[in-house]
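# Close look at the chain arrangement
Here is what each chain is made of, one letter per residue.
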Amino acid sequence: MNLEIDKKKYIDLNRSEYGDLYPTFRFPTEAESRDYGAEREQLLGRLSPHVRWDYQRTKADTTRMSPGCRLCGDGYWSCLFVNNRCNAACFYCPARQTGQALPGTSSLDFPEPEDYADYVQALGFRGVSISGGEPLLDFAKSVRFIEVLRKRFGKELYLWLYSNGICADKEKLQILAGAGLDEIRFDISATAYSLAKVAWAAGIIPHITVEIPAIPEDVEIVQNLLPQMVNIGVNYLNLHQIRVTRHNAPQLIARGYTFLHGPKITVLESELTALRLLLHAREKRIALPINYCSFIYRHRFQTGAARRRHAALIKQSYEDITEAGLIRTMGSMAVPDRIQYLTDQLSAANIAPENWYYSPAKSTLYFSQAVLKVIFPLLDNLHLDYHVSLLLPSVSYRRSFREIALNERRVVIVERAPVLADIELNPVEMRLFYDTFVKIPARRDLYRVIEEPEEPHVLSAQDLAEHWRDIYFYEKIKTGLYEYY
Ligand code: SF4
C-alpha cells in the first residue's frame, strides 16, 4: 500500500495557492492523463537497462551524480541565496528578482558569513551552494561566503555555485577556484545555450555542471549540444522539471503547456522532455551523467530532509522521526500496575530508560519505536500524535519551541506544530501500523520478551479509518514519479 495525500486535497491546495490564475491552467483530461502516463511508462521502460533510479525511484542516473546532488538527496545540503537579483530574464524563473533581500536561507537572513557558517555547523550540513538570483552580480560578497566556509570546514564541506554565466570571466573563475569552490553550475538556457563560459570554467573549477530546466521547445538544441558538453569537460548535466509559481505562470501558460496538479503545479511536457533527453544520451552512448531532478523528488526529499533535521533538534528522547520527517509520539493508556509491569519488561530487555516516559496525569506511557518492538503484544491500546517541525527567525509564541544558539549574537528557533492529534488505533490498525512502520527483521535481542509477530494482516479499505491515509502520509515517502492529473 502506498498512499500520499489524496488528489482532491492537492487540487484544492493548488486552487487556493494559485487563486485567480488557477482557471487559466490547462490540466490534462482523464484520457490525456492516461495517454501521457503510458508514454512516460514506455520511456521509463526503455531507460531501465541504462540508468539506476534512486531516492524511492524519483531520481534517475544516480550512480554518477555530482557530490552536491548526492548531499541534497541525503539531506545534508543548504542553499544560500546571496542577492535575489539577476541580469537575465528567463521565462521560467520562479521569482521576481527584486534585489531587496539580504543573503539568507530557509526564511533566515545571514548578512554575516560567520553567522551562516555557525548555522551550517549547528545543523550539520555537509554541502552548501551559493545561489542568487545571480551570485556573480555580487561577486565580492559571494567570494567572501565561500572563503569563510572553506576556512571553517576545510574539505569536509562541498561547495558549489549557480550562475547564468553572463558576467563570468576567467579572472572571476580563478578567484572562485582560489576561494575553494568545488563545483560551478551554469544555467546555459539563460544565455541561448552558449557553452563559451562553461568551456572557460573547465580546467579552472574542479567540477563543471550544466543545470537547466527541461524546456520542451529546446529538446533538439540540447540533444545536439550533448557531445560538445562532453568534449569541453562538462562533468554533469542536471535537468529540472519546470515548476509553476505565480510569477512565471503567465509566461508558461502562453507557451501552451499542459499543467499537472500536485504539491505544486508543474509542467507535464518538461518531465517527458527530460526523460527523452536522458534516453537519447543513453541510446547514443554519450558519456555524460544526466540527472533528472523531478519536482516530486525535490518536494519529497528536500522537504523531508529539512523536517528531519529540525525535528532532531526539538523531539523528545522517547519520540521518533518518521521517514517523511514528522515527529511521531506513541503512547498507551494503562493503570499504574500495568505500567509498572510494562516498564519492568523494558528494563529486562535492556531498553535504555530515555526511550520511555510515564505521565501519571494522563495515565499514559509514552515510548519510542524501540520500546514498541518489545511491548507490542502486551498492549491493548495505542495512541499516536504527529508534529511537524519548523525553523524560524523568532518565536511565534503559538507553539512549543526551542532556541538554538548559533553563537553569542544569534539564535534561531525550532517550533513544533501538531498535524494529527491523539489518534487511537483500533486493533486492526494497531497490527497494520506495527507491521508497516515498526517491524524490522532480525533484532533478536529486542524480541526477548515477546513472541515473533504474526504474518501481516490483509486489509481491505473498509477496515481502515479515514485517518489511516494521513498516518501513512506522515510516516512514509511515497515511491515513484508523481501521478498525472
Ligand atoms: S538566471 Fe536564474 S535567477 Fe536569473 S532569471 Fe534565469 S532563472 Fe531567474
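Everything below is about the structure printed above this text.
Source: prediction; values computed, not measured. (Residues numbered from 1 in each chain as written. Predicted model: local features only at pLDDT ≥ 70, side-chain atom pairs only at ≥ 80, totals over all residues. Heavy atoms only, no water.)

### Examining the overall build of the protein chain
- Looking only at helices and strands, the protein chain features 15 helices and 18 strands.
- For 485 residues, the compact-globule formula gives about 23 Å, and the C-alpha radius of gyration of the protein chain, at 25 Å, lands near that figure.
- Based on the C-alpha atoms only, the size of the protein chain along its principal axes is roughly 75 × 60 × 45 Å.
- Taken across its 485 residues, the protein chain has 55% of its residues classed as buried.
- Across the protein chain, every contact between residues at least 6 apart in sequence was considered, and the portion connecting residues at least 24 apart equals 73%.
- Carbon and sulfur atoms make up 51% of the accessible area of the protein chain, which amounts to about 21,500 Å² in all.
- Charge separation in the protein chain, taken as the distance between the mean sites of 58 positive and 59 negative side-chain charges, equals 4 Å. (Helix = DSSP H or I, 4+ residues; strand = E, 2+ residues; numbered from the N terminus. Rg over C-alpha atoms; globule rule 2.2 N^0.38 Å. Buried < 20%, exposed > 50% of the residue type's maximum accessible area, 1.4 Å probe, protein only. Contact = heavy atoms within 4.5 Å. Areas by Shrake-Rupley, 256 points an atom, 1.4 Å probe, with all protein chains shown as cover. Lys, Arg positive; Asp, Glu negative; His and termini not counted. Charge placed at Lys NZ, Arg CZ, Asp CG, Glu CD.)

### A word on the layout of surface pockets
- Its boundaries defined by the atoms lining it, the second largest pocket holds a volume of some 280 Å³.
- What lines the second largest pocket is a set of 15 residues, among which Thr 329, Lys 362, Thr 364, Tyr 366 and Asp 385 lie closest to the centre.
- Residue composition of the lining of the second largest pocket, by class: four nonpolar, six polar and five charged. (1 Å grid on protein atoms, 1.4 Å probe; cavity = no way out; pocket = protein on both sides within 12 Å on 5 of 7 lines; lining within 4 Å. Points joined across faces, edges and corners; volume = space filled by probe spheres on them. Nonpolar A, V, L, I, M, F, W, Y, C, P; charged D, E, K, R; others polar.)

### What about the packing of aromatic side chains?
- Applying the stated rule across the entire model yields 27 aromatic pairs.
- Through pairs of rings, three or more aromatic residues link up here, namely Tyr 18, Tyr 22, Phe 25, Phe 27 and Phe 259.
- The residue whose ring lies beneath Arg 255 is Phe 91, and the NZ or CZ to ring-centre distance is 3.5 Å. (Phe/Tyr/Trp six-rings, centres within 6.5 Å; stacked < 30°, edge-to-face > 60°. Lys NZ or Arg CZ within 6 Å of the ring centre and 35° of its normal.)

### Quick look at empty space enclosed by the protein
- Here the structure, examined in full by the defined rule, presents one cavity of 30 Å³ or more.
- Reported here for the largest cavity is a volume of approximately 110 Å³.
- Lining the largest cavity are 14 residues, and of these Gln 241, Leu 260, Thr 266, Ile 296 and Tyr 482 lie nearest its centre.
- Per-class residue counts for the lining of the largest cavity are six nonpolar, four polar and four charged.

### Description of the packing of helix α4 (residues 113-123) against helix α5 (residues 139-153)
- Put simply, α4 and α5 touch, their axes get as near as 9 Å, and they point 45 degrees apart. As far as their axial angle goes, α5 and α4 are oblique. In this structure, the crossing between α4 and α5 has a hand that is right-handed. For the pair α4 and α5, the contacting residues are Pro 113, Glu 114, Tyr 116, Ala 117, Asp 118, Val 120 and Gln 121 in the first and Arg 144, Phe 145, Val 148, Leu 149, Arg 152 and Phe 153 in the second.
- Across the contact of α4 with α5, the residue classes tally to eight nonpolar, one polar and four charged. (Axes fitted to C-alpha atoms, helices over the stretch in contact; angles between N-to-C directions. Parallel < 35°, antiparallel > 145°, perpendicular 65-115°, else oblique. Left-handed = near helix turned anticlockwise from the far one by under 90°.)

What is shown is where atoms sit, not what they do.
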